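One-letter residues, chain by chain:
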Amino acid sequence: MILHHIHTSPARDNALKLCLRYACKDDGIVLSSDGVNALLLRQWAMALAPFKLMVLKDDVLARGLSERLAHIHQIDDQEFVAQTLAYDKVITW
């Protein structure tokens with residue numbers, strides 16, 4: 001199992017697209033920084049739906065997206081570290 005970490009907006013680069021190409025059903029995906037903006041676009045939200053998806057709570061708050069992303073599992077920094085230890089491998093895209 002791999003934990004994929006996306007921290008850039010899909011409007012800026014193709015990290016999320018590459019991640020989704022290689023991700024497996026049992027993998028987790030964490031969106032942080034501008035990566036949380038991917039969930040504002042329906043195409044990316046639908047593409048991420050099959051995965052265990054998490055977003056960093058502070059990044060959601062910083063962008064004023066708490067209400068829009070309330071249905072997404074939000075984690076703090078401590079839980080992010082715990083998730084990195086729970087997976088066999090972590091890839092930051």
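Up top is the structure these notes are about.
Report on the accompanying structure. (Residues numbered from 1 in each chain as written. Predicted model: local features only at pLDDT ≥ 70, side-chain atom pairs only at ≥ 80, totals over all residues. Heavy atoms only, no water.)

### Re the nonpolar core
The condition is simple: The nonpolar core is taken to be a set of buried Ala, Val, Leu, Ile, Met, Phe, Trp, Tyr and Cys residues, with the residues joined through side-chain atoms within 4.5 Å. In this scheme, a residue with accessible area under 20% of its type's maximum is buried, one over 50% is exposed, and one in between is partly exposed, where area comes from a 1.4 Å probe on protein chains only. Secondary structure elements follow DSSP: runs of H or I no shorter than four residues count as helices, runs of E no shorter than two count as strands, and numbering proceeds from the N terminus.
Counting residues in hydrophobic clusters, the biggest one holds 19 residues, and the most contacted among them are Ile 29, Leu 31, Leu 39 and Leu 48. Counting only elements with at least two residues in this core, the list comes to α1 (15–22), β2 (28–31), α2 (42–48) and β3 (52–56). No other element matches α1, which puts 3 residues into this core. Judged by nonpolar contacts, the second largest core, of 7 residues, contains Val 30, Met 54, Leu 56 and Tyr 87.

### Let's talk about the sheet that holds strand β1 (residues 2–6)
Stated formally: The pairing criterion for strands is at least two bridges between them, as found by DSSP. Every axis corresponds to a line fitted to the C-alpha atoms, with the helix fit spanning only the stretch in contact, and the corresponding angles, defined between N-to-C directions, vary from 0 to 180 degrees. Note on definitions: a residue-residue contact is assigned when non-hydrogen atoms from the two residues lie within 4.5 Å.
Within the open sheet, the 5 strands sit side by side as β4-β3-β2-β1-β5. Their pairing is parallel. The open sheet is flanked by β4 (73–75) and β5 (89–92), the only strands paired with a single partner. Between one strand axis and the next, the sheet turns through 25 degrees on average, direction left out of account. Pairing of β2 with β3, which is carried by 4 bridges, proceeds in the parallel orientation. Looking across to β3, one finds that Ile 29 is bridged to Leu 53. Against the sheet, α1 contacts β1 and β2, and its axis sits at roughly 165 degrees relative to β1.

### Some thoughts on α1
What counts here: Working definition: the arc comes from the directions between the helix axis and the C-beta atoms, pointing outward to the latter.
Three or more residues of α1 are buried, namely Ala 15, Leu 16, Cys 19 and Leu 20. One face of α1 carries all of its buried residues, which in axial projection span an arc of 130 degrees. Summarising the geometry of α1, the exposed residues directed more than 90 degrees from the buried face are Lys 17, Arg 21 and Tyr 22. Those residues of α1 that are buried are in contact with β1, β2 and α2.

### Remarks on the pattern of salt bridges
Note on pairing: side chains with opposite charge can pair once their charged atoms come close. So the rule is basically this: Within this document, salt bridges are pairs made up of a side-chain nitrogen of Lys or Arg and a carboxyl oxygen of Asp or Glu, the two lying within 4 Å of each other.
Overall, the coordinates contain 2 salt bridges when judged by the stated rule. One salt bridge connects Asp 59 with Arg 63, and the closest N-O pair in it is separated by 3.9 Å. With relative accessibility at 17%, the residue Asp 59 sits in the buried group. Beyond isolated ion pairs, a larger network of salt bridges with shared partners links Asp 34, Asp 59 and Arg 63.

### Quick word on the pairing of β3
Applicable threshold: Call a crossover right-handed when, viewed with both strands pointing away from you, the route from the first strand across the helix to the second goes clockwise.
Of all 5 residues that make up β3, 4 are buried, and the element is covered over most of its length. Running through α2, the crossover from β2 to the neighbouring parallel element β3 is right-handed. Note that β3 and β4 share 3 bridges and pair parallel. Each residue of the ladder has a partner; that of Leu 56, found in β4, is Ile 75. For the handedness criterion, the β-α-β arrangement of β3, helix α3 (residues 57–62) and β4 is classed as right-handed.

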